[in-house]
Amino acid sequence: MAILVTGGMGYIGSHTCVELLNAGYEVVIVDNLSNSKIEVLQNIQDITGKGFKFYKINMLEKDSLERVFHENEIDAVIHFAGLKSVEESVLHPLLYYKNNLMSTITLCELMQKYQIKNLVFSSSATVYGIPEKVPISEESQLQAKSPYGRTKLMIEEILEDVHQADQQWSISILRYFNPIGAHESGKIGEDPLGRPNNLMPTITKVAARKYNILHVFGNNYPTIDGTCIRDYIHVTDIANGHIKALKKNKNSSGIHTYNLGTGKGYSVLEIISSFEKVTGVHIPYQIIAPRSGDVAVCYANPTKAEKELGWKARKEIDEMCMDSWRWEVNKMNDDLNKVNV
Ligand code: WQD
């Protein structure tokens, strides 16, 4: 019996596939490669020494997606596939609503048809919007502030209704805080197409001297050093949270939501100094105007996942910085090798 991983070639998806394969699961990946590269396939195989199936499919094409269900014995689904840029979603809301909502509805229709009712859904702390208080628990007020965040919230509500209509479904909704870092091998990591929006991939490109300077968005927030505080969590810890959720779903039906965070917050300047400390690479930066939509402080109360999933983030900020840098260095070396061939 296999685990179907939609978006399994992406940043969190690929790391989850590595952990699934290492844990002995059979894996089937569906991905349209709109925000990932085919090289990730070989990298997952190199890391795990395991084989798995891959289908290049647009999940909006129901007949293509149904072929995956027809050709494989699927036991459960982990659903990562979706567009995920806050900035892009503001410019192209209809693209986000159509893609993220319709792909999920198509997936659930096929799961229903093939009687597969174990689903882990990739949600985001972005559904909390501007938190009324921190640390943020799963019961905190939900107030997504972007079309991207609203697609995550709407999908959570769709899944609540799917479960309400058929309570044999076992659904875990995982709300990630700020995933950073890369697999310790340096063979997979965050690889955004085009200019990254997020902090860590921008830091590693400044460290690689691909960008001259890091722009820090504002330093007048009510925090320890005026820069925003976030709950940065290692992507491998996030990946292992999915395995714990799969196991919980297998043992009980119902729909449950969990924060995947460390419960600790770090400011932008603290991240910069951690990165410089562990890598020895200087990160020149310039404070500029705040980025609209940024919240001052956001970090998780992760105790529900600890109690109910038996999951806890293990990796510390220094390891996240080191792993991010190793991945960037390996990418640079690969690019150089391609040029020298
Ligand atoms: C972190 C901090 C920035 C870049 C985003 C998405 C969210 C989720 C996680 C998907 C902020 C500052 C950043 C830079 C900076 N993704 N920063 N200079 O905004 O907390 O969350 O990623 O679910 O949906 O919104 O993460 O990494 O963009 O920013 O100063 O060049 O770093 O202002 O304070 P964010 P981020």
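Quick notes on the rules
Residues numbered from 1 in each chain as written. Predicted model: local features only at pLDDT ≥ 70, side-chain atom pairs only at ≥ 80, totals over all residues. Heavy atoms only, no water. Helix = DSSP H or I, 4+ residues; strand = E, 2+ residues; numbered from the N terminus. Rg over C-alpha atoms; globule rule 2.2 N^0.38 Å. Buried < 20%, exposed > 50% of the residue type's maximum accessible area, 1.4 Å probe, protein only. Areas by Shrake-Rupley, 256 points an atom, 1.4 Å probe, with all protein chains shown as cover. Lys, Arg positive; Asp, Glu negative; His and termini not counted. Charge placed at Lys NZ, Arg CZ, Asp CG, Glu CD. Phe/Tyr/Trp six-rings, centres within 6.5 Å; stacked < 30°, edge-to-face > 60°. Lys NZ or Arg CZ within 6 Å of the ring centre and 35° of its normal. Salt bridge = Lys/Arg side-chain N within 4 Å of Asp/Glu carboxyl O. Pairing = 2+ DSSP bridges.

Time to look at the overall build of the chain. Counting its regular elements, the chain contains eleven helices and 14 strands. Taken over the C-alpha trace, the chain has a radius of gyration of 19 Å; the compact-globule value for 341 residues is 20 Å, and the two agree within 12%. Its C-alpha atoms put the chain at 55 × 55 × 40 Å along the principal axes. Looking at the 341 residues of the chain, the share that counts as buried comes to 55%. Taken as a whole, the chain presents about 15100 Å² of accessible surface, with 51% of it coming from carbon and sulfur. Of note, the chain has its 36 positive side-chain charges centred 1 Å away from the centre of its 40 negative side-chain charges.

On inspection of all chains with the given rule, the structure shows three aromatic pairs. Over the face of the ring belonging to Y258 we find K304, whose NZ or CZ atom lies 5.1 Å from the ring centre.

Let us look at the pattern of salt bridges. Inspection of every chain in the model, using the stated rule, returns 18 salt bridges. Residue E109 is joined to K62 by a salt bridge in which the shortest nitrogen-to-oxygen separation is 2.9 Å. With E109 in helix α5 (residues 93–113) and K62 in helix α3 (residues 62–71), the pair connects residues that are 47 residues apart, well separated along the chain. Residue D166 pairs with K117 through a salt bridge whose shortest N-O separation is 2.5 Å. Of this pair, D166 sits in the loop between α6 (147–165) and β6 (170–176) while K117 is found in the loop between α5 and β5 (118–124), placing the two residues 49 residues apart along the sequence. The residues D166 and K117 share a single accessibility class, namely buried. Salt bridges sharing common partners tie together K37, D191, K205, K210, E328 and K331.

A few words on the pairing of strand β8 (residues 214–217). Residues L214 and V216 line the buried face of β8, whereas the alternating positions H215 and F217 sit on a face that is not buried. Pairing analysis gives four bridges linking β8 to strand β13 (residues 285–288), with the strands arranged parallel. Its bridge partner lying in β13, L214 is registered against Y285.

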